[in-house]
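Close look at the chain arrangement
Each chain, written out:
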Amino acid sequence: MGGKTRRTARKRTAKKVTVVCRCEEVTEDEIRRAIREGHQTLEQIKRKLRTGMGHCQGRGCLRIIAQMVEEETGFPASEQKLPTSRPPLKPLPLDLLARYDGE
Amino acid sequence: MASRTADTVIVGGGIIGAATGYYLAKSGHKVVLLERSFPCSGATGRCIGGIRAQFTHDLSIRVMIESIRLFSELNDELGETVHWHQGGYLFLAFDEPRKQAFLEAIKVQRNYGLDVEFISSAECGQIVPGLNREGLLGGAYCPTDGQADPFHVTYGYLAGIKRLGGEVRVDTEVTGINTRDSKVVSVLTSKGDEFFCPNVLNAAGAWSDEICRMAGIEVPIAPDRHESLVTEAVERLFDPMLVDYRSDGCYFVQHIGTGHFVGCYTPVPLVPGRNMDATDEFITEMPRRMVRLVPKLGQVKVLRQWAGSYCMTPDGSPICGRTPVEGLYISSGMSGHGFMFGPALGKLMAELIACGKPSIPLDQFAPDREFGKAEAMK
Ligand SMILES: Cc1cc2nc3c(=O)[nH]c(=O)nc-3n(C[C@H](O)[C@H](O)[C@H](O)COP(=O)(O)OP(=O)(O)OC[C@H]3O[C@@H](n4cnc5c(N)ncnc54)[C@H](O)[C@@H]3O)c2cc1C
């Protein structure tokens, strides 16, 4: 019986919380709230919530967030400016970068 | 063209504009803050969040002791979690002259009641496990220094301005300042608005010389480029900001809220100008310097790099106070320390603007001072 209650509870939270940026664990709710508070570009949302700043550098979430901005503000996702992507494009260890000699 | 009124118009939505605007609004001023792009788009959003009272200039020490008091109350003041953490600052001495300079500075700092001391190389190793102590003579350590999140602090202040009845306008560039008889009359914006106001605060950071020129005055600031990087989040390794002043040194800290390491160095020679391009040189040189200091960081991965402007003055201390144009104030030239100075200079400048007298006199930061001896703990 206890097990059943737990499962239902878990199911309910799972339904409510959709994680959009998985690297930084930012939820759909948090993003929509930020947009409504006036953070209406991908760059501003990134700076408020760290979306796209984790391991994958936004490859997983930026398009979804752009879509959410379109839904909330009407500004088409296709016309939104993506935040500046800064090298290295793929996370590299300090050791490896330290040994790099310009080749 | 719409015309409006305000008690004080603030130019710039970085930490300086936001904090000063907040304390002004709190004292009853009608504040309008104008930001060309978005909040934190200037230096504030590019800084690494370090906060310390270890300076050599008397006034910097006093202002920073006040700022640290304000940071420690900021969560309650703003109703926002600002990730203030008192992890300390550890300045490393690898040669005798540096050690002597730190000992001199510590004497002055202790006069103001700061809990700072010179600790041995072995003690440095206890505070920073894994520190490479080769050639290390010890370090100046102040455990009450710390860190906070620049975005949360700035957004918290801006939200406070709005809560207190002020206005924050983004995407709004200040394009002109009208004066009459050397007195501020109004501020013009790119949106075609004109704000009539007795006071204007120039908090435009590395662009504050342009704002001054709109009112016909010059200010001796010189922007230069500083680069920075951030690593992936890892388990907590050590608490303090590490500062290595050698010409090939660097400084970095682990952010307590997230576990990321962030750090920078001051390039020799400096790179003047407002160029904000990130370079290949930095992304290889900075890891070298970090790994030399703490070899076990070698496996930690770098996520991202960026650059921003330091806004330097001839003596490395801020420029804050009245200008020759009545009603035009400036708080700029933060020389790489504007985030940490933000809360206290915000409160003090608000006192100057609202009642003519700050509770800590800012004369030594006045725009018309003689620029003399430079701050040694830059
Ligand atoms: C890599 C790096 C690391 C740093 N680390 C630290 C640190 O650890 N601790 C610390 O205390 N400091 C640090 N700093 C310094 C700190 O970031 C700055 O001193 C501080 O952010 C300055 O704040 P500000 O409000 O004066 O300027 P800014 O944040 O630059 O704000 C000025 C604003 O004015 C706006 N503006 C300009 N012109 C106009 C106009 N005409 N109309 C309207 N708006 C305009 C700009 O868009 C900008 O947003 C660092 C800086 C860099 C670059």
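Residues numbered from 1 in each chain as written. Chains lettered and ligands numbered in written order. Predicted model: local features only at pLDDT ≥ 70, side-chain atom pairs only at ≥ 80, totals over all residues. Heavy atoms only, no water.

Attention shifts here to the overall build of chain B. Within chain B, the secondary structure is distributed over nine helices and 20 strands. Its C-alpha radius of gyration of 20 Å places chain B within 12% of the 21 Å reference for a compact globule of 378 residues. Projected onto the principal axes, the alpha-carbon positions of chain B cover approximately 65 × 40 × 40 Å. Per-residue burial over chain B gives 61% buried out of 378 residues. Considering only contacts within chain B whose residues lie at least 6 apart along the sequence, 72% involve residues at least 24 apart. (Helix = DSSP H or I, 4+ residues; strand = E, 2+ residues; numbered from the N terminus. Rg over C-alpha atoms; globule rule 2.2 N^0.38 Å. Buried < 20%, exposed > 50% of the residue type's maximum accessible area, 1.4 Å probe, protein only. Contact = heavy atoms within 4.5 Å.)

This brings us to the interface of chain B and chain A. Facing 28 residues of chain B, the contacting portion of chain A comprises 22 residues. Roughly 2,500 Å² is buried in total at the junction of chain B and chain A, and carbon and sulfur atoms are behind 59% of that figure. When the buried surface of chain B facing chain A is broken down by residue, Phe-38, Leu-303 and Arg-304 of chain B rank first, second and third, together holding 26% of it. Across the chain B-chain A interface, the total number found is zero salt bridges. Run the count over chain B and chain A and you get eleven residue pairs in polar contact (both at pLDDT 80 or more). (Buried area = accessible area lost by both parts, 1.4 Å probe. Salt bridge = Lys/Arg side-chain N within 4 Å of Asp/Glu carboxyl O. Polar contact = N/O pair within 3.5 Å; in protein donor to acceptor, adjacent residues only side chain to side chain.)

What follows concerns the sheet that holds strand β20 (residues 328–332) of chain B. Residues and elements named next belong to chain B. With mixed pairing, six strands are arranged side by side in an open sheet as β9-β3-β2-β13-β20-β19. Both edges of this open sheet fall to β9 (167–169) and β19 (319–322), since each of them pairs with a single strand only. Going across the sheet, the axis of each strand differs from the next one's by a mean of 15°, ignoring polarity. Running at roughly 125° to β9, helix α6 (residues 150–163) makes contact with β3 (31–34) and β9 of the sheet. (Pairing = 2+ DSSP bridges. Axes fitted to C-alpha atoms, helices over the stretch in contact; angles between N-to-C directions.)

On to the packing of helix α2 (residues 58–72) of chain B against helix α9 (residues 338–355) of chain B. Residue and element names in this part refer to chain B. As a packed pair, α2 and α9 sit with axes 8 Å apart at the nearest point and diverge in direction by 90°. In terms of their interaxial angle, α2 and α9 are classed as roughly perpendicular. When α2 is examined against α9, the residues Ser-60, Val-63, Met-64, Glu-66, Ser-67, Arg-69, Leu-70 and Phe-71 are found in contact with a partner set consisting of Phe-339, Met-340, Phe-341, Gly-342, Pro-343, Ala-344, Leu-345, Lys-347 and Leu-348. Across the contact of α2 with α9, the residue classes break down as eleven nonpolar, three polar and three charged. (Parallel < 35°, antiparallel > 145°, perpendicular 65-115°, else oblique. Nonpolar A, V, L, I, M, F, W, Y, C, P; charged D, E, K, R; others polar.)

Residues and elements named next belong to chain B. Neighbouring the ligand are 38 residues, the closest being Glu-35, Ala-43, Thr-44, Gly-338 and Met-340. Between the ligand and Ser-41, the relevant distance is 3.5 Å, taken from an oxygen atom to a side-chain nitrogen or oxygen of the residue. Protein chains shield 97% of the accessible area of the ligand, which is 1,000 Å² for the free molecule. Sorting the residues of the shell around the ligand by element identifies α1 (15–26), β14 (222–233), β18 (301–312) and α9 as the ones contributing at least two each. Of the residues that constitute the shell around the ligand, the class distribution is 17 nonpolar, 17 polar and four charged. The residues that make up the shell around the ligand include at least three from each of domain 1 (2–49 + 151–220 + 315–365) and domain 2 (87–143 + 222–312). (Near = heavy atom within 4 Å. Areas by Shrake-Rupley, 256 points an atom, 1.4 Å probe, with all protein chains shown as cover. Domains from an automatic or database assignment.)

A separate point is the domain arrangement of chain B. All names here are of chain B. Domain assignment breaks chain B into domain 1 (2–49 + 151–220 + 315–365) and domain 2 (87–143 + 222–312). With centres defined by C-alpha atoms, the gap from domain 1 to domain 2 works out at 30 Å. With 16 residues of domain 1 at the contact, the number on the domain 2 side is 20 residues. For the pair domain 1 and domain 2, the summed buried surface comes to about 1,300 Å²; carbon and sulfur atoms form 62% of the total. On the domain 1 side of the interface with domain 2, the three residues burying the most area are Arg-46, Ile-48 and Ala-206, jointly 50% of the side's total. In this structure, the connection of domain 1 to domain 2 is made through two salt bridges. Across the pair Glu-210 and Arg-274 runs a salt bridge, and its minimum N-O distance is 3.2 Å.

Looking now at the pairing of strand β5 (residues 89–93) of chain B. Residues and elements named next belong to chain B. In terms of burial, β5 is a largely internal element, five of the five residues being buried. The alternating pattern of β5 places Tyr-89, Phe-91 and Ala-93 on one face and Leu-90 and Leu-92 on the opposite face, and all of these are buried. Of the strand pairs in this sheet, β5 and strand β7 (residues 138–142) are connected by five bridges, and their pairing is antiparallel. Within β7, the residue paired with Phe-91 across the bridge is Ala-140. Examined bridge by bridge, β5 and strand β15 (residues 241–244) share four bridges and lie parallel to one another. Among the inter-strand pairings, Tyr-89 is bridged to a residue of β15, identified as Met-241.

All names here are of chain B. Reading across the sheet, the four strands line up as β1-β12-β11-β10 and stay open at both edges, with mixed pairing between neighbours. Only two strands of the sheet have a single neighbouring strand rather than two, namely β1 (3–5) and β10 (174–179). Here the strands of the sheet are splayed against their neighbours by 25° on average, with no regard to which way each runs. Two elements, β10 and strand β11 (residues 184–189), share five bridges in a ladder whose sense is antiparallel. When the sheet's bridge partners are listed, Gly-176 is paired in β11 with Leu-188.

A few words now on α1 of chain B. Since the α-helix advances by 3.6 residues per turn, residues separated by three or four positions end up pointing in the same direction. Residues and elements named next belong to chain B. Compared with the 16 Å implied by 1.5 Å per residue over twelve residues, the 16 Å span of α1 between its first and last C-alpha is a close match. Counting buried positions along α1 yields eleven of twelve residues, so the element is predominantly enclosed. Taken residue by residue, α1 has Ile-15, Ile-16, Gly-17, Ala-18, Ala-19, Thr-20, Gly-21, Tyr-22, Tyr-23, Leu-24 and Ala-25 as its buried positions. Just downstream of α1, Gly-28 is the residue with a positive phi angle, here 100°. (Expected span 1.5 Å × (residues − 1).)

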